[in-house]
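Examining the three-dimensional arrangement
Read off the chains here:
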Amino acid sequence: MAWNCWGLGNPPTIRALKTFLRGIDPSILFLFETKMSEKVSLQRISQFAFQNHCIVASMRRSGGLWLLSKDDLNIEIVSQTFNLIHATVQGGDGRGSWHLFCLYGPLIASHRSNFWKNMTSYAQQFNGPKCFIGDFNSIVSNEEKCGGLPVLNSNISCFNDFIQMNHLIDLGYKGPAYTWTNGREIKGLIRQRLDRVLANPEWNIARAPPNYKFEAHWLSHPEFLQKVEECWSYDNDANIQSKLRILGSFLIEWSRRRIGCIKRKISVLKTKLLIIQSWRPSDANIQKEKLAMAHLNEYLIMKDAYWDQRMKQRWAKSGDRNTGHFHLSIQHRRRKNKISHLLKNDQTWTSDQSEISRELIQHFKSINQESSTTDPPQFSIQGQAVSNLDNDELCRIPSIDEI
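What counts as what
Residues numbered from 1 in each chain as written. Predicted model: local features only at pLDDT ≥ 70, side-chain atom pairs only at ≥ 80, totals over all residues. Heavy atoms only, no water. Helix = DSSP H or I, 4+ residues; strand = E, 2+ residues; numbered from the N terminus. Buried < 20%, exposed > 50% of the residue type's maximum accessible area, 1.4 Å probe, protein only. Contact = heavy atoms within 4.5 Å. Areas by Shrake-Rupley, 256 points an atom, 1.4 Å probe, with all protein chains shown as cover. pLDDT = per-residue confidence, 0-100. 1 Å grid on protein atoms, 1.4 Å probe; cavity = no way out; pocket = protein on both sides within 12 Å on 5 of 7 lines; lining within 4 Å. Points joined across faces, edges and corners; volume = space filled by probe spheres on them. Nonpolar A, V, L, I, M, F, W, Y, C, P; charged D, E, K, R; others polar. Pairing = 2+ DSSP bridges. Axes fitted to C-alpha atoms, helices over the stretch in contact; angles between N-to-C directions. Polar contact = N/O pair within 3.5 Å; in protein donor to acceptor, adjacent residues only side chain to side chain. Salt bridge = Lys/Arg side-chain N within 4 Å of Asp/Glu carboxyl O. Phe/Tyr/Trp six-rings, centres within 6.5 Å; stacked < 30°, edge-to-face > 60°. Lys NZ or Arg CZ within 6 Å of the ring centre and 35° of its normal.

Within the chain one finds 13 helices and 15 strands. In the chain, which comprises 403 residues, the share counted as buried stands at 35%. Summarising the internal contacts of the chain: among those between residues at least 6 apart in sequence, 56% fall at separations of at least 24. For the chain, the exposed area adds up to about 26,100 Å²; of that, 53% sits on carbon and sulfur atoms.

Spelled out as structure tokens, the structure:
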């Protein structure tokens, strides 16, 4: 868990943080903009149920980083600066050892270009799974900013170069699209998405999913092809099996984070659209309505693709998608297509799925390796099938009467 607390010196912030921790109970907590000295930070940390900590003191009420962790993880601090806490994490989630980069991007825009270049050089010194989390104080496009002057393209390009050169993938978010606001009235209001989580494909792969299946509705998502290209080109030296395994694992995680439950998402979007349509008409509200309808339509297309993949072609044409009989038939096909028990060569039965897989692979290997000893059939034609007279009659050009 990561949170921009905007200072931990007031009781409401402390209460809000404790409420979050009771509901989530994270093993790692990264707080930035604590605006506290090291001495005061050590006094505050005792209020929370974390056994380990790393503190970067603020400078003149600016910045300040805390990295707190519990004993169920083995965390080793590699380096720490005003803008970064780099740690290696072992255990807890089945990923093995991985690198955690807790970032607090420079507040001054002119400093960000060099910061991202230096961050790229530093991160590329380390191999393996990597996760970057925190307040990056940068955006990937002006669509992530609402209000105020647009961000210079040069600053946006530097941050995007950092993401691409490190093969990082945005893990998405839940909740508000903008993570920072200046808190002013509508005329001077500015909102931006500055907080995010980025990770390389290796971090996304805890282990290959046991039953990976390509979902047709992924193709309709606007990010799909781009993410596949990024993941596929991550390690050019890997063989095709490794690339497919990595891609499959990544797509499962990407779908969970970026698409989610289609049925629930459609319900939320329909409710949102009804709320927008109840507002007084204006240019801004009409534009919001169009965006909401377009987003809802994307998920309706995904829903159709999801069920088209699971039903027979003739049903897809007839549009019989949501009857109880259809869903029961889908469940029946799943049971029918699954091999739950198998009689092995030694005449014993097994229900273990891994053992069934091995038996089937071995069976088909043995079939393909067997050499055929049967002589090919010999064909011979004896005697004359058609007489010369009959042959002449067949080859004769028909007369007009016969035609």
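On average, residues of the chain score 81 in pLDDT, and 85% of them are at 70 or above. No element of the chain has a lower mean pLDDT than helix α10 (residues 313–318), which averages 50, and none a higher one than helix α3 (residues 112–123), which averages 93. Across residues 206–210, confidence stays below pLDDT 50; counting only partners more than four residues off in sequence or on other chains, it has ten contacts.

This part is about the layout of surface pockets. Reported here for the second largest pocket is a volume of approximately 1,400 Å³. When residues of the lining of the second largest pocket are traced back to their parent elements, those giving at least two are β1 (2–4), α1 (11–24), β2 (28–32), β7 (97–104), β8 (130–135), β11 (180–181), β13 (195–199) and α7 (240–259). Split by residue class, the lining of the second largest pocket holds 24 nonpolar, six polar and eight charged.

What follows concerns the sheet that holds strand β3 (residues 52–56). Spatially, the four strands line up as an open sheet ordered β1-β2-β4-β3, and their pairing is mixed. Since the sheet does not close on itself, it has two edges, and those belong to β1 and β3, each with one partner. Strand-to-strand, the axes of this sheet are offset by a mean angle of 10°, without reference to chain direction. Contacting β3 and β4 (65–69), helix α2 (residues 38–45) crosses the sheet at an angle of about 155° to β3.

The next thing to look at is empty space enclosed by the protein. Applying the stated criterion across every chain yields a total of two cavities of 30 Å³ or more. The calculated volume of the largest cavity comes to roughly 40 Å³. If you go around the largest cavity, the residues you meet are Cys 231, Trp 232, Tyr 234, Asp 235, Ala 238, Lys 243 and Ile 246. Looking at the lining of the largest cavity, its residues break down into five nonpolar, no polar and two charged. Lining the second largest cavity, in full, are Ile 169, Asp 170, Leu 171, Asn 204, Phe 250, Glu 253, Trp 254, Arg 257 and Arg 258. Mapped by element, the contributors of at least two residues to the lining of the second largest cavity are β10 (169–170) and α7. Broken down by element, the lining of the second largest cavity gets its largest block of residues, five residues, from α7. In terms of residue class, the lining of the second largest cavity is made up of four nonpolar, one polar and four charged.

A separate point is the side chain of Ser 41. Mapped onto the elements, Ser 41 comes out in helix α2. Given the relative accessible area of 0%, Ser 41 is considered buried. Of note is the side chain of Ser 41, whose polar atom sits 3.0 Å from the side chain of Trp 66. Setting aside its immediate chain neighbours within four residues, Ser 41 contacts Met 36, Ile 55 and Trp 66.

Attention now goes to the pattern of salt bridges. This model, assessed by the stated rule, comprises ten salt bridges. We note a salt bridge from Arg 196 to Glu 144, for which the minimum N-O separation is 2.6 Å. Of this pair, Arg 196 sits in strand β13 while Glu 144 sits in the loop between β8 and β9 (145–146), placing them 52 residues apart in sequence. The burial state of Arg 196 is the same as that of Glu 144; both residues are buried.

Across the sheet, three strands lie side by side as β9-β12-β11; this open sheet has antiparallel pairing. Each edge of the open sheet carries a strand with a single partner, namely β9 and β11. Sheet analysis places β9 next to strand β12 (residues 191–192), joined by two bridges and oriented antiparallel. Across the sheet, residue Cys 146 finds its bridge partner in β12, namely Arg 191.

Here Asp 25 shows up in the loop between α1 and β2. Separated by 24 residues in the primary sequence, Asp 25 and Ala 49 have C-alpha atoms spaced 9.4 Å apart. When near neighbours in sequence (up to four residues on either side) are disregarded, Asp 25 contacts Phe 20 and Lys 70. Reaching out from Asp 25, the side chain makes a polar contact with the side chain of Lys 70 at a distance of 2.4 Å.

Bringing the packing of aromatic side chains into the picture now. To describe a pair of aromatic rings, you give the distance between the ring centres and the angle between the ring planes. One pass over the structure, following the stated rule, counts 18 aromatic pairs. With centroids separated by 6.5 Å and ring planes inclined at 65°, the aromatic side chains of Phe 48 and Trp 66 adopt a geometry described as edge-to-face. Of this pair, Phe 48 sits in the loop between α2 and β3 while Trp 66 sits in strand β4; the two residues are 18 residues apart in sequence, bridging distant segments of the chain. Here the two residues Phe 48 and Trp 66 agree in accessibility, since each one is buried. Relative to Tyr 122, the ring of Phe 101 lies with its centre 6.3 Å away and its plane at 90°, an arrangement referred to as edge-to-face. Taken together, the residues Phe 101 in strand β7 and Tyr 122 in helix α3 connect sequence positions 21 residues apart. Since its relative accessible area comes to 0%, Phe 101 is described here as buried. By the ring-pair criterion, three or more aromatic residues cluster together here, those being Phe 101, Phe 115, Trp 116, Tyr 122, Phe 126, Phe 132, Phe 136, Phe 159 and Phe 162. Of note, Lys 70 hangs over the ring of Phe 50, and the distance from its end group to the ring centre comes to 5.6 Å.

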